[in-house]
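Working through the structure, step by step
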Amino acid sequence: MQRIRRAIEAEGGRVVEGTERYVRAEFTVSLPVQAVDDFEAYLTDGDDTVQFRSARRGGPRWDGGANRRRVERIRKRCGFSSVPVLRGRTRVFGVIESPFDTFGPTTQQDTDDLVDMENAAPRRRQRAP
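Not measured: the values here are computed from a predicted model. (Residues numbered from 1 in each chain as written. Predicted model: local features only at pLDDT ≥ 70, side-chain atom pairs only at ≥ 80, totals over all residues. Heavy atoms only, no water.)

**Remarks on the pattern of salt bridges**
If you walk through the whole model with that rule in mind, you get twelve salt bridges. Across the pair Arg-53 and Glu-40 runs a salt bridge, and its minimum N-O distance is 2.5 Å. With Arg-53 in strand 4 (residues 50–57) and Glu-40 in strand 3 (residues 35–43), the pair connects residues that are 13 residues apart, well separated along the chain. Residues joined by salt bridges that share partners form a network here, namely Arg-14, Glu-17, Arg-24, Glu-26, Asp-38 and Arg-57. (Salt bridge = Lys/Arg side-chain N within 4 Å of Asp/Glu carboxyl O. Helix = DSSP H or I, 4+ residues; strand = E, 2+ residues; numbered from the N terminus.)

Shown next, in the form of structure tokens:
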């Protein structure tokens, strides 16, 4: 979290709360009306993932993407990789299992031998010329 704190200060923010796994900071924004951008970073328990959140408080809510760009600069200053997040935690991949599925890596022998279910005897797959 020290790395995140230093990146926040380098971006002009002020850390207002923090623990070993959580940091909350504020960024003062000068607009026609003064606003404050809240920034939070949370280190997920049992994982190396840092979750970021940033939003404008006071003044106009639309920030033209300033919070997103600031979070991205802080992430890069810290040297963290970007992990895509699905909104609403929607499942993207579906898995359909069949009796022919096996677990683990497939070998060439597995792909060459097909089982004839009627005779329960292995047969060789015909290769295309």
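**Some thoughts on the environment of Ala-25**
Assignment of secondary structure puts Ala-25 in strand 2 (residues 22–29). Owing to a relative accessible area of 0%, Ala-25 belongs among the buried residues under this scheme. Distance in space between the C-alpha atoms of Ala-25 and Phe-39 is 5.1 Å, their sequence separation being 14 residues. (Buried < 20%, exposed > 50% of the residue type's maximum accessible area, 1.4 Å probe, protein only.)

Limitation: the analysis is restricted to geometry and does not speak to function.
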